[in-house]
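Results of the structural survey
For reference, the chains in residue letters:
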Amino acid sequence: MSFFLSLLQLLFLTRTIHSYSYSTRVLLSSSRRRRRVPPQTQCFAVRRPRQQQQRLLMAIRQMDYDIVVIGAGASGMFAAGTASSFGSSCKTLLVDKHDLEDDVAHTNDFYMGGDCTNSACIPSKAIRCAARVAAMHERASAVLDGGGQSMGGSSGSSSNKRVQQQQNLPFSSLARRYSQETTNKVRSRESPDRIASTPNLDIIYTPRISFVDSHRLSIENPYFFNSTFSDFLLESESTTKGATPNDNNDDDDDLSQQQHDGKCTTVQVFAKKIVICTGAGPMIPEKLYKSAKKIGLPLLTYRSIFKPDGEGKDSDFLWNMKKSTGSKMKRVVIVGGGGTACEIAQSLARLNKNVQITMVAPGILDKEDIAARVVARKILMEDGVNLVIGKRVMNASRMGQIAVVELDDKTQLPVDILICATGRFPGKELEELKLDNAGVQWTAQDGVIVNKHLQSVSQKNIYAAGDCISAVPKLDRRASHAAWMGYHAIQSALFPKFLLASDAIHPFVPRVTFLDPEVASIGKTRADCVREFGSDGFRYLKVHENGTDRSDIDSIEGRVEGFVELRISKPEGRILGATVCSPVASEIVNEIGVAMVNKLTVRDIARSIHAYPSHGYLMHRVALSLALSDTWGVLDAMGPIARVVGKIGRKMQGNYQSRRRRRKTSSYLRDWEALGEEKELQWERKMISVPYLEASQDTDFCNVVRLHVNDATIGVKEKQALKDFLSWLDSKPPR
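Considering the side chain of R539
Checked against the element boundaries, R539 lands in strand β23 (residues 538-544). Assessed through its relative accessible area of 19%, R539 is described here as buried. Apart from the residues lying within four places of it in its own chain, the contact partners of R539 are L566, R567, I568, K570, L626, S629 and D630.

Structure, rendered in structure tokens:
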């Protein structure tokens, strides 16, 4: 250990000696003078007399940096904060994009946090909270209308009266206002004024930034939030105090005239290491975008819906829609079935009863476990969302005065507002950087091509983190994971490889869809486990909350009943994955994530006491049932001697089953079983909706399907579903 500490000290000593050029060291030496800097000069947006602006630009041109971070989202903020924390040995610059349209920019016009703070995580969850209040108001009205006799519903007349009352309440505008207030609070904690006060960190906002080569960046019209230039700016202020007011005004006029003439100031910054953290933006199919624009159909994304200002003004009409007497309901079509689409659909359906929500997608949460897909559909339908599954929206057109969207099967749906939530891609943000000038390999869909240490495969001094890199699975593109990668990108840039973690991409990222109740997953899905271990190579248990004490307590809320499903390895009991539906599903999967990272087993969870009656207690029940499901688990719950016997027996059984499984199950059979776990058989005539694999295990049921698949009473769509199931069943490979 002492050897490694000495090595690290030597490394930082070397970096301190050779870090800066001569001009940089001269500038830094002036900033080390012992004088107090007034707080108002420590960080600011530069809109000063021209002489002072010119001197500051000259200082920037003389400055080179150890680390330049492009993008101030979740990954960029963590990367810049981590780099600046190493002190004077790591001079850091954080560059973020801002559309500087006005002559004068104010400090309050600049935001940090990227999509998460300004147009995704924060505002969407604030709107979800307001939507939950609206749903609780409706539920409370139902209980009061029933006189407390039944918690399950009310009469038709009472229901109509309740809907009419909710239409008169401004829940949608309330949600919009609450979202703005919440976002502004978060912005104040992440303001450039606060972050720029960090030592050794400079912040620049610019409308355009691009690569000149692998070490130089071109920055147009820079606006500065500085900490290390504060002394220099004090000197500039004292120099300009002697100037007459007319001189200062002339300088301002010259600078304003320069901006009006279309001219801009461009500076070049040299960096030893560059970290790209530009994130990703909403993806809109080009054909759909052009057709909607042609007919004047409003086409919104999560940014234009949730962003409290700027681009968000385009969706103000969505939050202020009111139903006039005799008019039809507004028809909103949401394209996509991922987590963002589900959250938008439920919130809009709860906030405004004057809107008819229709989701069109190949599937709902179709990349998640089948348990999550089924419960997400049920939650959305409970809130009145119409689901068109197995279809795709191709383009938009008009039939007379009515706008319609055309699906891939040539059917049409009338629409007043179109919302596109088909995913995110990093191409637009990366294209503006001109990465080809630096020789960086990238693609529009996948992002910057990096290795396991987040280093560009083509330029060793350039790193990338967050949603703009190829190494991150699309399901794992989450804000918390982006922050994790921002930290590790700086580690990879500053430390030798033998000191780094084996992989900077976290293997266990919680995936939460913030519906009400929440739907969360982590680790392998059931199909993934089947594909890797075979259908009998792992165990899983799903326990519903319905019928538990906590369910009875919360029954007045009237929401969809939750569940917890754990998937564990045989016979070790190590957690492979989990799916949870609960009001606090995100908190439960956090606990499961701790267990998975530390390689804990269900026996370790079963040995801990969980509070009663809590939602997390259901997860404890699942773990306890799995832990005591075999003899070795029972022995492990006893004294030390029995525990040793249980561990030995479990080890011997594991070795035997592993050899037997390799001989018995081929990879083709595992793939066939995994496909059966992913697909779902829906037979409306029998009110059945089960995975293929589960249905195939019932021989009698399979015989019934074969007998009735050609019945005339079965609809075309249902008949095709049964034929697809039989086709999969007949394709079973030999063992």
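What to know about the nonpolar core
Residues I67, V68, I203, F211, I276 and I469 are the most contacted members of the largest nonpolar core, which totals 60 residues. For this core, the element with the highest residue contribution is strand β7 (residues 266-276), accounting for six residues. Discounting chain neighbours no more than four positions away, the residues touching I469 are D446, V448, V450, L454, A464, R477, M485 and I505. Of all hydrophobic cores here, the second largest spans 42 residues; its members include I127, A134, V332 and I417.

Focus: the confidence of the model for the chain
Here the chain shows a mean pLDDT of 79. Residues at 70 or above account for 76%. Taken as a whole, residues 7-48 scores under 50 in pLDDT and shows 81 contacts with residues more than four places along the chain or in a different chain. Ignoring residues within four places in sequence, the model shows residues 152-159, a span with pLDDT below 50, making seven contacts including any to other chains.

Comments concerning the sheet that holds strand β25 (residues 575-582)
The five strands lie next to each other as β21-β22-β25-β24-β23, forming an open sheet whose pairing is antiparallel. Across the chains shown, the open sheet's two edge strands, defined by having one partner strand only, are β21 (511-513) and β23. Each strand of the sheet is rotated relative to its neighbour by a mean of 5 degrees, with strand direction disregarded. Relative to β25, strand β22 (residues 518-523) runs antiparallel, the two sharing six bridges. In the sheet register, G523 faces β25, and the bridge partner there is G577. Packing against the sheet, helix α19 (residues 526-533) makes contact with β23, β24 (563-569) and β25, and its axis sits at approximately 165 degrees to β23.

Overview of the pattern of salt bridges
All chains considered together, the criterion is met by 34 salt bridges. In this structure, E557 engages R132 in a salt bridge whose closest nitrogen and oxygen atoms are separated by 3.5 Å. Here E557 is found in the loop between α20 (549-553) and β24, whereas its partner R132 is found in helix α6 (residues 121-145), with 425 residues between them in sequence. The partner of D554 in a salt bridge is R550, and the shortest N-O contact between them spans 2.8 Å. Salt bridges sharing common partners tie together D115, R303, R424, E429 and D467.

Brief notes about helix α18 (residues 479-494)
Working note: α-helix, 3.6 residues per turn, so residues spaced by three or four point in the same direction. Taking 1.5 Å per residue, 16 residues should reach 22 Å; α18 reaches 23 Å between its end C-alpha atoms and fits that length. Listed in full, the buried residues belonging to α18 are H481, A482, A483, M485, G486, H488, A489, I490, S492, A493 and L494.

Focus: the packing of helix α4 (residues 74-84) against α18
Between α4 and α18, the shortest axis-to-axis distance is 7 Å and the interhelical angle comes to 30 degrees. In this structure, α4 meets α18 at a crossing whose hand is right-handed. Across the interface between the two elements, A74, S75, F78, A79, T82 and A83 of α4 pack against A479, A482, A483, G486, Y487 and I490 of α18. Here the residues of the contact of α4 with α18 sort into nine nonpolar, three polar and no charged.

Comments concerning the packing of helix α28 (residues 699-708) against helix α29 (residues 716-730)
The axes of two packed helices give the description: the angle between them and the distance between them. Relative to each other, α28 and α29 sit at 125 degrees, their axes nearing to 10 Å. Classified by the angle between their axes, α28 and α29 sit oblique to one another. The chirality of how α28 crosses α29 is left-handed. Two secondary-structure elements touch here, α28 through C702, V705 and R706 and α29 through L722, F725, L726, L729 and D730. The class makeup of the residues in the contact of α28 with α29 is six nonpolar, no polar and two charged.

What to know about the side chain of N461
Structurally, N461 can be placed in the loop between β19 (447-448) and β20 (462-464). The contacts of N461, once residues within four sequence positions are left out, are S214, H215, K272, K273 and I274.

Here we look at the sheet that holds strand β15 (residues 412-414)
Paired through their backbone hydrogen bonds, the strands of a sheet run either parallel or antiparallel. Read from one edge to the other, the open sheet built from three strands follows the order β13-β14-β15, with strand pairing classed as antiparallel. In this open sheet, the two strands that pair with only one neighbour each are β13 (393-399) and β15. Going from strand to strand, the sheet's axes swing by 30 degrees on average, the running direction of each strand aside. Examined bridge by bridge, β13 and strand β14 (residues 402-407) share six bridges and lie antiparallel to one another.

Quick notes on the packing of aromatic side chains
Evaluated as defined, the whole model comprises 10 aromatic pairs. Aromatic side chains F86 and F495 sit 5.8 Å apart centroid to centroid with 65 degrees between the ring planes, which places their arrangement in the edge-to-face category. With a gap of 409 residues between them, F86 in the loop between α4 and β2 (92-97) and F495 in the loop between α18 and β21 connect regions that are remote in the sequence. We classify F495 as buried; its relative accessible area is 17%.

A short note on unusual backbone geometry
The omega angle of the peptide bond from D516 to P517 is 5 degrees, so this bond is cis rather than trans. Counting through the fold element by element, P517 comes out in the loop between β21 and β22. Omega for the bond connecting Y612 with P613 falls within 30 degrees of zero, at -5 degrees, which places this linkage in the cis form. One non-glycine residue with positive phi stands out, namely K434, at about 55 degrees. Its place among the elements puts K434 in the loop between α17 (427-431) and β18 (442-443). Phi angles above zero are rare outside glycine, and K599 is one such case at about 55 degrees. For K599, a relative accessible area of 57% corresponds to the exposed category.

Definitions and limits used
- Residues numbered from 1 in each chain as written.
- Predicted model: local features only at pLDDT ≥ 70, side-chain atom pairs only at ≥ 80, totals over all residues.
- Heavy atoms only, no water.
- Helix = DSSP H or I, 4+ residues; strand = E, 2+ residues; numbered from the N terminus.
- Buried < 20%, exposed > 50% of the residue type's maximum accessible area, 1.4 Å probe, protein only.
- Contact = heavy atoms within 4.5 Å.
- Core = buried A, V, L, I, M, F, W, Y, C linked by side-chain atoms within 4.5 Å.
- pLDDT = per-residue confidence, 0-100.
- Pairing = 2+ DSSP bridges.
- Axes fitted to C-alpha atoms, helices over the stretch in contact; angles between N-to-C directions.
- Salt bridge = Lys/Arg side-chain N within 4 Å of Asp/Glu carboxyl O.
- Expected span 1.5 Å × (residues − 1).
- Left-handed = near helix turned anticlockwise from the far one by under 90°.
- Nonpolar A, V, L, I, M, F, W, Y, C, P; charged D, E, K, R; others polar.
- Parallel < 35°, antiparallel > 145°, perpendicular 65-115°, else oblique.
- Phe/Tyr/Trp six-rings, centres within 6.5 Å; stacked < 30°, edge-to-face > 60°.

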